[in-house]
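This is what each chain is made of:
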Amino acid sequence: VKTIGVLTSGGDAPGMNATVRSVVRTGLHMGMRVLGIRHGYNGLISGDMVEMNLRSVSDIIHRGGTILYTARCPEFREQAGLEKAKKTCQAAGLDGIVVIGGDGSFRGARDLSLLGIPCVGLPGTIDNDIASSDYTIGFDTAMNTAMQMVDRLRDTTQSHDRCSVVEVMGRHAGYIALNTGIACGATSILVPEVPFDFKRDIYDRMMNTRKTGKQHFIIVVAEGVVAENNPSIDELAKRIQTETGIETRATVLGHVQRGGSPTVEDRVNASLMGNYAVELLNRGIGNRVVVMRDNKIVDIDIYEALQMKKTIDMHTYEVAHQISI
Ligand code: F6P
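Predicted model only: the values in this text are computed from it and were never measured.

Considerations on the sheet that holds strand E6 (residues 163-168)
In step 1: Strand order in the open sheet formed by 4 strands is E7-E8-E6-E9, and the pairing between neighbours is parallel. Looking along the sheet, the strands with just one partner apiece sit at the ends: strand E7 (188-190) and strand E9 (248-252). When the angles between neighbouring strand axes are averaged without regard to direction, this sheet yields 15 degrees.
In step 2: Two strands pair when backbone bridges link them, and E7 and strand E8 (residues 217-222) are joined in this way by 3 bridges, in the parallel orientation. Bridge assignment links Ile189 to a residue of E8, and that residue is Val220.
In step 3: Packed on one face of the sheet, helix H7 (residues 198-211) meets E6, E7 and E8 and runs near 170 degrees to E7.

Here it is in structure tokens:
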């Protein structure tokens, strides 16, 4: 009987539970033993594992977060940590592991595969910043949450003829910002991929729009922009207020974007990708990531996946600014 493990790693994302459920049920369906590894790679180092059965994953498909807990594990980046994990895997009789997380988690999966434990990575992060995949589990839910929050902000912003500067998540990537911005008709969308100029991208856009009769403004800013250029969201709001004379408020959406019940898209993709990963391990194939490319679920080599680069769609970016006027 084959034994596989499943773990969630890095920032949690809605749909991780649906993925774990699919991995566990597919594994059991194929006659495998399935172990849930807790707290990400930490659990692999310390041997914090639980045997999963059909009922261990009942009633979780609709829940955000991850029942397996998650962590970022610096120890796993060191050779000593890896060796410890390898020993734990051997002691537990693990024939393969499904790792749900981002690029950092895939690096761990690659290193462990090289040590002889076949690992398959599944893209789980709200940021959608995994170059090898057009889509990541949790992204759709996070965008919908951000959109709902900005819609609420719009009500109060419009009532007071104000400007709202909203920071959405995305450590190095503007995907959440871009899609939320277009969905909410933001006057300006700032993303880390495109350098911004205060006068051109904020001041002029607001002033030109105001001339056409508009009295309230939403500016969506990706977290990565704030981190890179260093004006805090509050400083940016103050500058807008001072230079435009329009009363401005700053809102950081923060971790609310990471929680909540996953959308249909995230639940379905999580279920299909989880199943695909176990199929690979059942055939003894490791060192792969399961990704979405051109609306198809496919698998690629982890090393290749980690070399890839992707960026936001500039056409979408242009269109957003053309029509949110
Ligand atoms: O990678 C997902 C993410 O939510 C980023 O958008 C954000 O920068 C980061 O995680 C926050 O991490 P933490 O929860 O460790 O503060």
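Section: the site of the ligand
In step 1: In the region of the ligand, the neighbouring residues are Gly11, Thr125, Ile126, Asp127, Met169, Gly170, Arg171, Glu223 and Arg258.
In step 2: Of the residues contributing to the shell around the ligand, the split by class is 2 nonpolar, 3 polar and 4 charged.

Here we look at the sheet that holds strand E1 (residues 3-8)
In step 1: Strand order in this open sheet of 7 strands is E3-E2-E1-E4-E5-E10-E11, and the pairing throughout is mixed. If you trace the sheet from one side to the other, it starts and ends with strand E3 (49-52) and strand E11 (296-301), each paired once. The sheet shows a mean angle of 25 degrees between the axes of neighbouring strands, taken without regard to direction.
In step 2: As judged from the 5 bridges shared by strand E4 (residues 96-101) and strand E5 (residues 119-123), these two strands associate in the parallel manner. Following the sheet pairing, Ile100 is matched in E5 by Leu122.
In step 3: Taken strand by strand, helix H1 (residues 16-29) contacts E1, strand E2 (33-37), E3, E4 and E5, and its axis lies near 180 degrees from that of E1.

How each quantity is defined
Sequence positions are assigned chain by chain, starting from 1 and proceeding in written order. Selection of residues for local features in this predicted model requires a pLDDT of at least 70, selection of side-chain atom pairs for listing and counting requires 80 or more, and totals for whole chains, interfaces and linings are taken over all residues. When DSSP finds at least two bridges between two strands, those strands are taken to pair. Labels follow the DSSP assignment, with helices taken as runs of H or I lasting at least four residues and strands as runs of E lasting at least two, numbered in each case from the N terminus. Angles shown run from 0 to 180 degrees and are taken between the N-to-C directions of axes, each axis being a line fitted to C-alpha atoms and, for helices, limited to the stretch in contact. The contact criterion used here is simple: two residues whose C-beta atoms, placed from the backbone, lie within 7 Å are in contact. Proximity of a residue to a molecule or strand is defined by its backbone-placed C-beta atom lying within 6 Å of that partner. For this classification, the nonpolar set comprises Ala, Val, Leu, Ile, Met, Phe, Trp, Tyr, Cys and Pro, the charged set comprises Asp, Glu, Lys and Arg, and every other residue, Gly included, is treated as polar.

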